[in-house]
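# Observations on the model geometry
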Amino acid sequence: MVKLLELNYQIKDIDAVAQQVLDHITSKTILFYGEMGAGKTTLIKSLVKLLGSNDEVSSPTFSIVNDYKVRNESIYHFDLYRINDEEEALNFGFEDYLYTSNWVLIEWPQNAQSLMPDDTNIIEISHKNEDSRSLKLSQKPNINPVKLQKAAKF
Ligand SMILES: Nc1ncnc2c1ncn2[C@@H]1O[C@H](COP(=O)(O)OP(=O)(O)OP(=O)(O)O)[C@@H](O)[C@H]1O
Ligand SMILES: [Mg+2]
């Protein structure tokens, strides 16, 4: 794993943290790890806003995926919490969303781990205490350099 960014933050800093994340990412597909209430959706809300979408971000726990519009692109926001395995993800067409040029932000990727592409970035959020969190942004070591160049535009 190649570390791109590591920081601690409080909720008041969320937009600055989201901007830091956008400044350091190398992929438009980002997997969000962290226990319930860690702050995955909260960070995604801020990222979607900073990417320029006015759409309201809500937790797609029941719908599995939300599609926010930004200019001529989509931001696909997945919450795989209610998915039990890879087969369930394949059944709703998960893979059709992955290999496009759109943004893909995935909460609970571990519920369909083997379907996650290699050229992703990974965000791990954990509780430091009640009112602060730690965040680590990293990239898989075998990421394809051509894909990196594509992401570098953003
Ligand atoms: N840095 C922070 N410091 C303190 N509180 C935070 C921080 N980031 C997020 N929170 C709070 O923690 C809660 C996180 O909720 P959120 O829905 O974002 O979690 P989640 O990781 O998406 O959980 P789930 O797995 O259930 O989807 C929110 O109440 C939010 O205000
Ligand atoms: Mg969430």
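Quick note: structure is the one above.
Rules and cut-offs
- Residues numbered from 1 in each chain as written.
- Chains lettered and ligands numbered in written order.
- Predicted model: local features only at pLDDT ≥ 70, side-chain atom pairs only at ≥ 80, totals over all residues.
- Helix = DSSP H or I, 4+ residues; strand = E, 2+ residues; numbered from the N terminus.
- Buried ≥ 20, exposed ≤ 12 C-beta atoms within 10 Å, placed from the backbone.
- Axes fitted to C-alpha atoms, helices over the stretch in contact; angles between N-to-C directions.
- Parallel < 35°, antiparallel > 145°, perpendicular 65-115°, else oblique.
- Left-handed = near helix turned anticlockwise from the far one by under 90°.
- Contact = placed C-beta atoms within 7 Å.
- Nonpolar A, V, L, I, M, F, W, Y, C, P; charged D, E, K, R; others polar.
- Pairing = 2+ DSSP bridges.

### Let's talk about the environment of V65
Following the sequence through the fold, V65 ends up in strand 3 (residues 65-70). According to the C-beta neighbour criterion, V65 is partly exposed, with 16 such atoms within 10 Å. For V65 and F94, which are 29 residues apart along the polypeptide, the C-alpha to C-alpha distance reads 9.0 Å.

### Considerations on the packing of helix 1 (residues 14-24) against helix 2 (residues 40-50)
Between helix 1 and helix 2, the shortest axis-to-axis distance is 9 Å and the interhelical angle comes to 70 degrees. With respect to helix 2, the element helix 1 is oriented roughly perpendicular. Viewed along their axes, helix 1 and helix 2 form a crossing whose handedness is right-handed. Between helix 1, through I14, D15, A18, Q19, V21 and L22, and helix 2, the contact on the second element is made entirely by T42, L43, S46, L47 and L50. Here the residues of the contact of helix 1 with helix 2 are counted per class, giving seven nonpolar, three polar and one charged.

### Points about the pairing of strand 5 (residues 103-107)
For a regular strand, side chains alternate in direction, first toward one face of the sheet and then toward the other. For strand 5, the buried fraction is high: five of the five residues fall into the buried class. Residues W103, L105 and E107 line one face of strand 5 and the alternating positions V104 and I106 line the opposite face, and both faces are buried. Bridging between strand 2 (residues 29-33) and strand 5 involves four bridges; their strand directions are parallel. By the bridge assignment for strand 5, T29 is matched with V104. Bridging between strand 4 (residues 73-79) and strand 5 involves five bridges; their strand directions are parallel.

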